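Survey of secondary and tertiary structure
Spelled out from the first residue to the last, the chains are:
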Amino acid sequence: MEGDDVAYLEAARTVDERAHSDAATRAFRAALGVGEGVDAEGDPVCVLEAGAGTCGLLRRLLADGALPAGEWVAVDTDERVLSAGRDLLREEAHAAGYGVDAGGVGLRLGSPDQEAALRVRFETRDARDVASEGTFDGVVGRSFADLLAPDDVLALARTAAPDGWYHLPLTFDGETRFEPSHPADGAVVDAFHATMRNRGRAATRVAETLREAGTPPAVDARSDWTVRGRGDGDDARDAGTSGGVVYPADEATFLRIVLDTVVASVRDAGAVGDATLSAWETERTEQLRRGELGYVAGNRDLFGRVP
Ligand SMILES: C[S@@+](CC[C@H](N)C(=O)[O-])C[C@H]1O[C@@H](n2cnc3c(N)ncnc32)[C@H](O)[C@@H]1O
């Protein structure tokens, strides 16, 4: 995305959390041994998280009291986002009463009753390299599988063989909609999707590849990002920087970064005339300021077993 990646990932958190499908979340947490209805602590697990970013998914498990015991390898090629994630995870675990030991670049999070601990290792590397060096009980990649070729996603999932699982929530699937509609939407959105591999249909292609390889998703559920404002523009502040007045949490910042990203990629591709693109951007920016801009991106949550 265009802009500060830490700011973008943090602004996306409430949007991400609203989007997750219950079915995939349930399957994922059951695999971790922390799901509803799981009475006893499960066996310790060893999880690879590819493209962990600011550790939003792990921080959600922490906030829900659903951290598993075992080892979590959080991998991201971007040192800055990963170290922001480490700091946030440490602060939030401390505030939640966990015993936190920070050794080297890792963290050991001891549960408040001290009965279980999760060791989190942070690796600033390509997840494909880390995956090729080990085996894991499970592989997680949130808003990540659309960044790799489907065969690379399959190779990642296979590091959980035999008897492991993969969880690929919020995998983009090539649908983008802005509201209210604008005459240039078709041209802008088509040009944006054309800059992506397979026109952005990543979840469809990844699911096909996993199916053909004998590791079909057991859960394949929609998990669209949906953002809508209150639309009472009179008291709107500058939505590009402050957020929080006409959109929930920091979602105005999220939308600002999405708009900037769409405009920059379409401009680079040169597929839409400058005047049309500028008029579209001006109108969308004004709608954002007034809290009238809506946005939907089609994602899917894929969860499956790796025999
Ligand atoms: C859209 S962000 C998602 C972050 C996080 N999973 C979340 O849901 O908040 C994708 C992340 O993948 C990282 N990334 C991209 N390619 C990667 C690769 N080959 N190996 C590891 N990380 C990668 C990026 O640096 C970025 O932080």
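Quick look at the structure, then. What you are looking at is a predicted structure, and each value in this text was computed from that prediction instead of being measured.

With respect to the overall build of the chain
For the chain, the count of helices and strands is eleven helices and ten strands. Relative to a compact globule of 307 residues, whose C-alpha radius of gyration would be 19 Å, the chain shows 20 Å and is just as compact. C-alpha extents for the chain along the principal axes are approximately 60 × 45 × 35 Å. Taken over 307 residues, the chain has a buried fraction of 52%. When contacts within the chain are restricted to residue pairs at least 6 apart in sequence, long-range pairs at least 24 apart make up 77% of them. Surface summary for the chain: the accessible area is close to 13,400 Å², and the carbon and sulfur share equals 47%. Averaged over its 33 positive side-chain charges, the chain has a centre that lies 2 Å from the centre of its 55 negative ones.

Focus on the pairing of strand β3 (residues 99-103)
Sheet analysis places β3 next to strand β4 (residues 106-110), joined by five bridges and oriented antiparallel. The residue of β4 that forms the bridge with Val 100 is Leu 109. If you look at the hairpin formed by β3 and β4, you'll find two residues sitting between the two strands, and Gly 104 has a positive phi there, around 60°.

Quick look at the nonpolar core
Within the largest apolar cluster, 33 residues are counted, with the highest numbers of intra-cluster contacts made by Phe 178, Trp 225, Phe 254 and Tyr 295. For this core, the secondary structure elements donating two or more residues are α1 (5-11), α2 (13-19), β7 (164-179), α8 (185-194), β9 (225-227), α10 (251-269), α11 (274-290) and β10 (294-306). Ranked by residue count, the leading element in this core is α10, at nine residues. What Phe 254 contacts, discounting residues up to four positions off in sequence, is Tyr 8, Ala 11, Ala 12, Val 15, Trp 225, Val 227 and Tyr 295.

Concerning the pattern of salt bridges
Once the charged atoms of two side chains with opposite charge are near each other, the side chains can pair. Scanning the entire structure with this criterion turns up 31 salt bridges. A salt bridge links Arg 13 to Glu 17; the nearest nitrogen and oxygen atoms lie 3.4 Å apart. Here Arg 13 and its partner Glu 17 are both found in helix α2, four residues apart, which amounts to about one turn of the helix. Under the relative-accessibility criterion, Glu 17 is labelled partly exposed at 27%. Across the salt bridge formed by Glu 286 and Arg 289, the nearest N and O atoms sit 2.8 Å from each other. Taken together, the residues Glu 286 and Arg 289, both in helix α11 and three residues apart, mark about one turn of the helix.

Description of the environment of Gly 99
Structurally, the position occupied by Gly 99 is in strand β3. Once the C-alpha coordinates of Gly 99 and Pro 112 are considered, the two residues, 13 residues apart in sequence, prove to be 6.7 Å apart. If near-sequence neighbours (up to four positions away) are discounted, Gly 99 is found in contact with Arg 108, Leu 109, Gly 110 and Gln 114.

Let's talk about the side chain of Ser 21
Inspection of the secondary structure assignment puts Ser 21 in the loop between α2 and α3 (22-32). Using a relative accessible area of 8% as the deciding quantity, one classes Ser 21 as buried.

Brief notes about α10
Taking 1.5 Å of rise per residue, the 19 residues of α10 would be expected to cover 27 Å, and the 27 Å separating its terminal C-alpha atoms lies within 8% of that figure. Of all 19 residues making up α10, 15 are buried, and the element is well covered by its neighbours. Positive phi appears at Gly 270, one or two residues downstream of α10, with a value of about 70°.

A closer look at the packing of helix α4 (residues 56-63) against helix α5 (residues 79-95)
As a packed pair, α4 and α5 sit with axes 10 Å apart at the nearest point and diverge in direction by 5°. With respect to their mutual orientation, α4 and α5 come out roughly parallel. Of the residues in α5, those in contact with Leu 58, Arg 59 and Leu 62 of α4 are Leu 88, Leu 89, Glu 92 and Ala 93. Class assignment for the residues of the contact of α4 with α5 results in five nonpolar, no polar and two charged.

A closer look at the site of the ligand
Taken together, 16 residues surround the ligand, and among them Gly 51, Asp 76, Asp 126, Ala 127 and Arg 142 come closest. The contact in question runs from an oxygen atom of the ligand to an N or O atom on the side chain of Asp 76, over 2.6 Å. For the ligand, an oxygen atom lies 2.7 Å from a polar atom in the side chain of Arg 142. A total of 600 Å² of accessible area belongs to the ligand in isolation, and the protein chains cover 84% of it. A breakdown of the residues in the shell around the ligand according to their chemical character gives six nonpolar, four polar and six charged.

How each quantity is defined
Residues numbered from 1 in each chain as written. Predicted model: local features only at pLDDT ≥ 70, side-chain atom pairs only at ≥ 80, totals over all residues. Heavy atoms only, no water. Helix = DSSP H or I, 4+ residues; strand = E, 2+ residues; numbered from the N terminus. Rg over C-alpha atoms; globule rule 2.2 N^0.38 Å. Buried < 20%, exposed > 50% of the residue type's maximum accessible area, 1.4 Å probe, protein only. Contact = heavy atoms within 4.5 Å. Areas by Shrake-Rupley, 256 points an atom, 1.4 Å probe, with all protein chains shown as cover. Lys, Arg positive; Asp, Glu negative; His and termini not counted. Charge placed at Lys NZ, Arg CZ, Asp CG, Glu CD. Pairing = 2+ DSSP bridges. Core = buried A, V, L, I, M, F, W, Y, C linked by side-chain atoms within 4.5 Å. Salt bridge = Lys/Arg side-chain N within 4 Å of Asp/Glu carboxyl O. Expected span 1.5 Å × (residues − 1). Axes fitted to C-alpha atoms, helices over the stretch in contact; angles between N-to-C directions. Parallel < 35°, antiparallel > 145°, perpendicular 65-115°, else oblique. Nonpolar A, V, L, I, M, F, W, Y, C, P; charged D, E, K, R; others polar. Near = heavy atom within 4 Å. Polar contact = N/O pair within 3.5 Å; in protein donor to acceptor, adjacent residues only side chain to side chain.

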